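# Overview (structure and organization)
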Amino acid sequence: MDNLTKTTPTKTHSILIVETEPLLSDSISLDLKDNGYTTLVAEDTQSAIQQVTQNQPDLLVIDRMLGGESGLKLCQQLRRTGLVAPVLMLMVRDAVEDRVACLESGADDYFLKPYRSDELLGRIRLYLRSEQPAREQLRFDDLTLDLATRRAFRGSQQIELTMKEFELLKYLMEHPREVLTRDQILENVWGYDFLGESNVIEVYIRYLRLKLEDGGGRRVIQTVRGVGYVLRES
């Protein structure tokens, strides 16, 4: 186990570990508990769904390979049921197609086997960082983001967003009518260019457009070919 400086969260966050290998899930659980988190463990997709329904964890760690089941399909299923908590996927390979498959499943990020404590804890601190107490709102056209409750609305209709979808829309709404490059978006939303030349931004722009335009809403996220994206009226 790596030597780490233990950091106690400002509130006790619960983290669900979905892992079929007992030694690995025990190791992850111990590291998380040592750093002040509450842990839940599920060994298959059915028990994971039950844990999410009953306990509503603040973050999920899911192994892509769950015996004869798929962690990617589990993530997709949970997102379809309305899960908005961050999901970190544990993967064996770091190829571009694997990264894209991870994100297209609805996961927010990934980390690799063999498991490293410092890498996982760094990811978790990023995704469970404390929210600002002020009840600030961002508005553009008929879009509203409540930064305290992390809720999004188009008109009076609430839109369910994952954490990364929310952060991406927040960044766009903080810079209305300003053309933002891919590099700017990667740096400010993801914090680091962990996907290189893959299409993670395009994937999440597509997710946002589908949700924002559901029910006939007009397009407000525009593509500037060869440059990036801009939030502006059609």
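Refer to the structure printed above.
Residues numbered from 1 in each chain as written. Predicted model: local features only at pLDDT ≥ 70, side-chain atom pairs only at ≥ 80, totals over all residues. Heavy atoms only, no water.

Turning next to the sheet that holds strand β8 (residues 137-140). The four strands lie next to each other as β8-β9-β10-β11, forming an open sheet whose pairing is antiparallel. In this open sheet, the two edge strands, each paired with only one partner strand, are β8 and β11 (157-159). Pairwise comparison of adjacent strand axes, ignoring direction, gives a mean angle of 25° for this sheet. Of the pairings in the sheet, the one linking strand β10 (residues 151-154) to β11 comprises three bridges and is antiparallel in character. When the bridges of β11 are listed, Ala 152 appears paired with Ile 159. Of the strands in this sheet, β8, β9 (143-146) and β10 touch helix α6 (residues 163-174), which is tilted by about 115° from β9. (Pairing = 2+ DSSP bridges. Helix = DSSP H or I, 4+ residues; strand = E, 2+ residues; numbered from the N terminus. Axes fitted to C-alpha atoms, helices over the stretch in contact; angles between N-to-C directions. Contact = heavy atoms within 4.5 Å.)

Next up on the list: the nonpolar core. One finds Ile 185 and Ile 221 to be the most contacted residues of the largest nonpolar core, which totals 32 residues. For this core, the elements supplying multiple residues, two or more each, are β8, β9, α6, α7 (182-190), α8 (200-212) and β14 (228-231). If you tally residues by element for this core, the top one is α8, at eight residues. Residues within four places of Ile 221 in sequence aside, it is in contact with Leu 172, Ile 205, Leu 208, Arg 209, Leu 212, Tyr 229, Val 230 and Leu 231. Core analysis: the next-biggest nonpolar cluster, separate from the first, contains 21 residues, Leu 40, Leu 66, Leu 74 and Cys 102 among them. (Core = buried A, V, L, I, M, F, W, Y, C linked by side-chain atoms within 4.5 Å. Buried < 20%, exposed > 50% of the residue type's maximum accessible area, 1.4 Å probe, protein only.)

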